[in-house]
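# Notes for the structure review
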Amino acid sequence: MRTGKDAADEGELVRRVARGDRRAFDEFYRRTAPWLEVRLRRRCADPDVVAEVLQETYLAVWRAAGGFAGARTGSGGEARGSAVGWLWTIAAHRLVDAFRRRARTDQVPQVQLTPSTVPAAEDEVMAARIGQELEQALLVLPPEVRAALRATVLDGLSTREASVLLGVPENTVKSRVRRARVALREALS
């Protein structure tokens, strides 16, 4: 990301986007998309969600650039916020929305693993047995505990992100994950 004069230039690009300038939008995207993608990937491991959030974010920039250009000046005409700060705010909200959509639809990203060797028949039988036991143990967990475990372990969210996603305090997420791990350990031992 750039600072100083370039940051002011990005604000000017957004003001030009508000007037419908497609070239300004392309330049703003060229300057900010790589930085924004890296920042989103730090918070979400699913590349499909990151791509979706990027698309929604820049669509929102195109549609709402007038909100930044008109509402972001103080009494003396000076800028009250940076364009990249405004961009990050939009992206962060879109990312939380994506997490909420995923939680509502209970979709866990499918990862296809390609085995490099064929497992032995005994290994397949044991894996199926352990998988069934784990599945049964997960089904016994209360839904709120299972959701906390899914958000932190399967989705790879931090405690803070999981608390936003689930709408509960961070300490509640921590205690639910601990309860889930204790219950699973007991069920599988």
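Residues numbered from 1 in each chain as written. Predicted model: local features only at pLDDT ≥ 70, side-chain atom pairs only at ≥ 80, totals over all residues. Heavy atoms only, no water.

### A word on the overall build of the protein
In terms of helices and strands, the protein carries eight helices and zero strands. Among the 189 residues that make up the protein, the fraction classed as buried is 29%. When contacts within the protein are restricted to residue pairs at least 6 apart in sequence, long-range pairs at least 24 apart make up 63% of them. (Helix = DSSP H or I, 4+ residues; strand = E, 2+ residues; numbered from the N terminus. Buried < 20%, exposed > 50% of the residue type's maximum accessible area, 1.4 Å probe, protein only. Contact = heavy atoms within 4.5 Å.)

### Some remarks on the nonpolar core
Of all hydrophobic cores here, the largest spans 42 residues; its most connected members are Val14, Phe28, Leu36, Leu40, Tyr58, Val61 and Leu95. Counting only elements with at least two residues in this core, the list comes to helix H1 (5–18), helix H2 (22–41), helix H3 (47–71), helix H4 (83–105), helix H6 (143–154), helix H7 (159–166) and helix H8 (170–188). (Core = buried A, V, L, I, M, F, W, Y, C linked by side-chain atoms within 4.5 Å.)

### Focus: the packing of aromatic side chains
For the coordinates displayed, the defined rule picks out five aromatic pairs. Ring centres 6.5 Å apart and planes at 65° place the aromatic pair phenylalanine 28 and tyrosine 58 in the edge-to-face group. With phenylalanine 28 in helix H2 and tyrosine 58 in helix H3, this residue pair connects regions lying 30 residues apart in the sequence. An aromatic cluster is defined as three or more aromatic residues linked by ring pairs; in this entry it consists of Phe25, Phe28, Tyr29, Tyr58 and Trp62. In this structure, arginine 39 packs its charged tip against the face of tryptophan 88, placed 4.2 Å from the ring centre. (Phe/Tyr/Trp six-rings, centres within 6.5 Å; stacked < 30°, edge-to-face > 60°. Lys NZ or Arg CZ within 6 Å of the ring centre and 35° of its normal.)

### Overview of the packing of H7 against H8
Where H7 contacts H8, the axes come no closer than 8 Å and their chain directions differ by 100°. Viewed along their axes, H7 and H8 adopt a mutual orientation that is roughly perpendicular. Between H7, through Thr159, Arg160, Ala162, Ser163 and Leu166, and H8, the contact on the second element is made entirely by Glu170, Val173 and Lys174. (Axes fitted to C-alpha atoms, helices over the stretch in contact; angles between N-to-C directions. Parallel < 35°, antiparallel > 145°, perpendicular 65-115°, else oblique.)

### Section: the side chain of threonine 57
Structurally, threonine 57 can be placed in helix H3. By relative accessible area, threonine 57 is classed as buried at 0%.

### Side note on the environment of alanine 83
Among the structural elements, alanine 83 can be located in helix H4. The exposure class assigned to alanine 83 is buried, which follows from its relative accessible area of 2%. Expressed as a C-alpha distance, the spacing of alanine 83 and glutamate 12, which sit 71 residues apart in the sequence, is 8.5 Å. With residues near it in sequence (within four places) discarded, alanine 83 still touches Glu10, Gly11, Val14, Phe28 and Phe68.

### Some details on H7
Along H7, the residues that are buried comprise Ala162, Ser163 and Leu165. Buried residues in H7, looked at end-on, bunch into an arc of 165°, giving them a common side. Phi for glycine 167, located one or two positions after H7, is positive at around 75°. (Arc of directions from axis to C-beta.)

### Regarding the pattern of salt bridges
Applying the stated criterion across every chain yields a total of ten salt bridges. Between arginine 22 and aspartate 26 there is a salt bridge, and its shortest N-O distance comes to 3.3 Å. Taken together, the residues span about one helical turn, with arginine 22 and aspartate 26 both in helix H2 at a distance of four residues. Overall, the relative accessible area of 36% leaves aspartate 26 in the partly exposed class. For arginine 160, the salt bridge goes to glutamate 170, with nearest N and O atoms at 3.5 Å. Of this pair, arginine 160 sits in helix H7 while glutamate 170 is found in helix H8, placing the two residues ten residues apart along the sequence. According to the relative accessible area criterion, glutamate 170 is partly exposed, its value standing at 31%. Within this structure, Glu12, Arg15 and Arg19 form a network of salt bridges that share partners. (Salt bridge = Lys/Arg side-chain N within 4 Å of Asp/Glu carboxyl O.)

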